[in-house]
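Reading the structure
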Amino acid sequence: MTIETVGVIGAGQMGNGIAHVFALAGYEVLLNDISAESLEKAVSTIDKNLERQVGRGKVSAEDKAAAMARIKTTLTLTDLGQTDLVIEAATERETVKQQIFDALLPHLKPTTILTSNTSSISITRLASRTDRPEKFMGFHFMNPVPVMQLVELIRGIATDQPTYEALLAVVNRLGKTAASAEDFPAFIVNRILVPMINEAVYTLYEGVGNVRSIDESMKLGANHPMGPLELADFIGLDTCLAIMNVLHDGLADTKYRPCPLLTKYVEAGWLGRKSGRGFYDYR
Ligand code: CAA
């Protein structure tokens, strides 16, 4: 399975980061979104982030230009039909992901590996509703994608070995490190990370600390690069809540109960950095 062309669905913070690292590694990238504005914003974000890497001497100006030239955008999902690998990085909602796969599959060449960057949804279930469960995998990048070293590889129950090996080779070509996770709710990183964030929200909710003292404590007391509430704002509070709900529903344990304060913030539209307000105010 030779992979040279990659289709990325969703031009949000994960999708643009994924397009960035694939283009830099020499893959031809076709980035799709339903919004022209999101596509324009994604291309300018990639340009800015590549420029930052040029400024720090991590990428040459020539490599940046070559990477930018390898990224094409399209508003038409079916344009991705001839790519060798598709990475779905749309909203973390199962119905949205399914609608995307349903629309794409009739146009997708039979050999294409289909993946989802889902941070928590069952890969086996997503795969079972496609025409290629053996060529379907979870391909989970961490945010910010150009900086974070890890990629989780999650096999569904039917995923075959050649598909796994093809993605492992892709991760190596990206210069990243793969971690294999079994297909259980939220896999490895988010199974551990997001309950920690939820606990930080409970710590705030119960008045044990305030936003700054909680974040400061975990930065200085546990050497985390970001405090848990700052990190929640960075990930997106809606995504954190969606992951807690998947854990709560999938593992049926009250220890995964989403904090009511997290739910309230999401209901208010306070989603973190992307909406201008979360635990911090970015306006
Ligand atoms: N693109 C390219 N480079 C970037 C970048 C981006 N988007 N963001 C930061 N960088 C680079 C900077 O240029 C800088 O490079 P050098 O090391 O060469 O100087 C480096 O990353 C550090 O950046 P900054 O100096 O600007 O800021 P910082 O030191 O505060 O680090 C951070 C920023 C890397 C985001 C750091 O705060 C961090 O690691 N935070 C935790 C991130 C984390 O936990 N991510 C996982 C989230 S969970 C997830 O993603 C899974 C999920 O499904 C929800």
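Predicted model only: the values in this text are computed from it and were never measured.

**Let's talk about the nonpolar core**
Within the largest apolar cluster, 75 residues are counted, with the highest numbers of intra-cluster contacts made by V8, I18, A19, V29 and C240. It is helix α10 (residues 237–251) that contributes the most residues to this core, eight residues altogether. Domain assignment of the residues forming this core places at least three in each of domain 1 (5–181) and domain 2 (191–275). Setting aside anything within four residues of it in sequence, one finds I18 in contact with V8, I87, A89, N117, F141 and V145.

**A few points about the site of the ligand**
Taken together, 20 residues surround the ligand, and among them N49, S119, N143, P144 and P146 come closest. Those elements that place two or more of their residues in the shell around the ligand are α2 (36–55), α7 (189–205) and α9 (228–235). Two domains each provide a minimum of three residues to the shell around the ligand, namely domain 1 (5–181) and domain 2 (191–275).

**Overview of the confidence of the model for the protein**
With 100% of its residues at a pLDDT of 70 or more, the protein has an overall mean of 97. Both scores are given for the predicted complex: the pTM is 0.94, the ipTM 0.92.

**Describing unusual backbone geometry**
Cis geometry is found at the peptide bond from N143 to P144, where omega equals 0°. In this fold, P144 is placed in the loop between β6 (136–141) and β7 (150–155). For N223, which is not a glycine, the phi torsion comes out positive at approximately 60°. By secondary structure assignment, the location of N223 is in the loop between α8 (211–222) and α9. Overall, N223 belongs to the exposed group, with 7 C-beta atoms counted inside 10 Å. Backbone geometry places A252, a non-glycine residue, at a positive phi of 50°. For A252, the location among the structural elements is in the loop between α10 and α11 (260–267).

Thresholds applied
Residues numbered from 1 in each chain as written. Predicted model: local features only at pLDDT ≥ 70, side-chain atom pairs only at ≥ 80, totals over all residues. Core = buried A, V, L, I, M, F, W, Y, C linked by C-beta atoms within 7 Å. Buried ≥ 20, exposed ≤ 12 C-beta atoms within 10 Å, placed from the backbone. Helix = DSSP H or I, 4+ residues; strand = E, 2+ residues; numbered from the N terminus. Domains from an automatic or database assignment. Contact = placed C-beta atoms within 7 Å. Near = placed C-beta within 6 Å. pLDDT = per-residue confidence, 0-100.

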